[in-house]
Amino acid sequence: MIGIIKKSIVCLVLLVGAISIAKAESRETMDCQSRLTNNFQDRTLMVNYHYNSDVVRNYGKDHLAETIAVLRLFVEDKGCARGVINFGKGPNGRSNSRCRLVERYSPHSRVCYVETNLGYFLVSKGIEYSSDMQIIFNLWD
């Protein structure tokens, strides 16, 4: 009988802990979305973001990896807690992020679409070897 009571108490403590963690993560997510959208006054953020290129390693032709690395810096600069944004999770499960050329033969026309748990980003880079990116963030509808 005492063993059952101890197990029940342990289960209750674990359940309360899990609920507390989920609430804290939800609060951090909402706080980050608020910072990205001017306290939810806007559903879209457009910014020309200049970053320190020495902080982001050279990803070569992996444009999506470079974009995600810069977006991590961007959300941290906006004051979002580290780990709040999840680049592998979109609104329907796994994200469908990708980079494409708008004009087939122009490498300067590359735009990356990046899905996250917070919303989605459209990102284009300035001229080659530039440390500027044009970032558009949209909340999920």
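As the structure is a prediction and not an experimental result, all values here were calculated from the model. (Residues numbered from 1 in each chain as written. Predicted model: local features only at pLDDT ≥ 70, side-chain atom pairs only at ≥ 80, totals over all residues. Heavy atoms only, no water.)

Brief notes about the packing of aromatic side chains
Working definition: an aromatic ring pair is given by the centre-to-centre distance plus the angle between the planes.
Argument step 1. Here the structure, examined in full by the defined rule, presents five aromatic pairs.
Argument step 2. Centre to centre, the rings of Y49 and F74 are 5.1 Å apart; their planes meet at 75 degrees, and the pair counts as edge-to-face. One end of the pair, Y49, is in strand 1 (residues 44-50); the other, F74, is in helix 2 (residues 63-77), with 25 residues separating them in the sequence. Both residues of the pair, Y49 and F74, count as buried.
Argument step 3. Ring plane angle 45 degrees and centroid distance 5.3 Å describe the contact between Y120 and W140, whose orientation is recorded as tilted. Here Y120, found in strand 6 (residues 119-125), pairs with W140, found in the segment after strand 7 (132-139); they are 20 residues apart in sequence, far enough to count as distant. (Phe/Tyr/Trp six-rings, centres within 6.5 Å; stacked < 30°, edge-to-face > 60°. Helix = DSSP H or I, 4+ residues; strand = E, 2+ residues; numbered from the N terminus. Buried < 20%, exposed > 50% of the residue type's maximum accessible area, 1.4 Å probe, protein only.)

Digging into the environment of A69
Argument step 1. With respect to the element layout, A69 can be found in helix 2.
Argument step 2. Separated by twelve residues in sequence, A69 and R57 have C-alpha atoms that sit 8.6 Å apart.
Argument step 3. In this view, A69 contacts V56 and Y59; residues no more than four positions away in its chain are not counted. (Contact = heavy atoms within 4.5 Å.)

Points about the confidence of the model for the protein chain
Argument step 1. The pLDDT averaged across the protein chain works out to 81; a share of 79% of its residues lies at or above 70.
Argument step 2. Across the protein chain, strand 5 (residues 110-115) holds the top mean pLDDT of 95, while helix 1 (residues 2-36) sits lowest at 60.
Argument step 3. Counting interchain partners and residues more than four positions distant, the pLDDT-below-50 stretch residues 11-25 has zero contacts. (pLDDT = per-residue confidence, 0-100.)

Examining the pairing of strand 7
Argument step 1. As paired strands, strand 1 and strand 7 are joined by seven bridges and run antiparallel to one another. Looking at strand 7, one finds that N48 is bridged to Q134. (Pairing = 2+ DSSP bridges.)

Topic: the sheet that holds strand 6
Argument step 1. Strand order in the open sheet formed by five strands is 1-7-6-5-4, with antiparallel pairing between adjacent strands. This sheet does not close on itself; its edge strands, each paired only once, are strand 1 and strand 4 (98-101). Taking each pair of neighbouring strands and ignoring which way they run, the sheet shows an average axis angle of 20 degrees.
Argument step 2. As defined by bridge partners, strand 5 adjoins strand 6 across five bridges and the pair is classed as antiparallel. Its bridge partner lying in strand 6, C112 is registered against V123.
Argument step 3. Against the sheet, helix 2 engages strand 1, strand 4, strand 5, strand 6 and strand 7, with an angle of about 60 degrees to strand 5. (Axes fitted to C-alpha atoms, helices over the stretch in contact; angles between N-to-C directions.)

Quick notes on the pattern of salt bridges
Argument step 1. Enumeration according to the criterion identifies three salt bridges in this entry.
Argument step 2. For K125, the salt bridge goes to E66, with nearest N and O atoms at 2.7 Å. A residue pair is termed long-range when its members are at least 10 positions apart, and K125 in strand 6 and E66 in helix 2 qualify at 59 residues.
Argument step 3. Look at K125 and you get partly exposed, because its relative accessible area is 27%.
Argument step 4. E66 sits in the buried class, given a relative accessible area of 14%. (Salt bridge = Lys/Arg side-chain N within 4 Å of Asp/Glu carboxyl O.)

Looking at the state of the cysteines
Argument step 1. In this structure the tally under the stated criterion is two disulfides.
Argument step 2. The partner cysteine of C32 in its disulfide is C80, sulfur to sulfur 2.0 Å. The sign of the S-S torsion, about 90 degrees, decides the handedness of the disulfide formed by C32 and C80: right-handed. Separated by 48 residues along the polypeptide, C32 in helix 1 and C80 in the loop between helix 2 and strand 2 (89-90) bring together distant segments of the chain. Here the two residues C32 and C80 agree in accessibility, since each one is buried. (Disulfide = S-S within 2.5 Å.)

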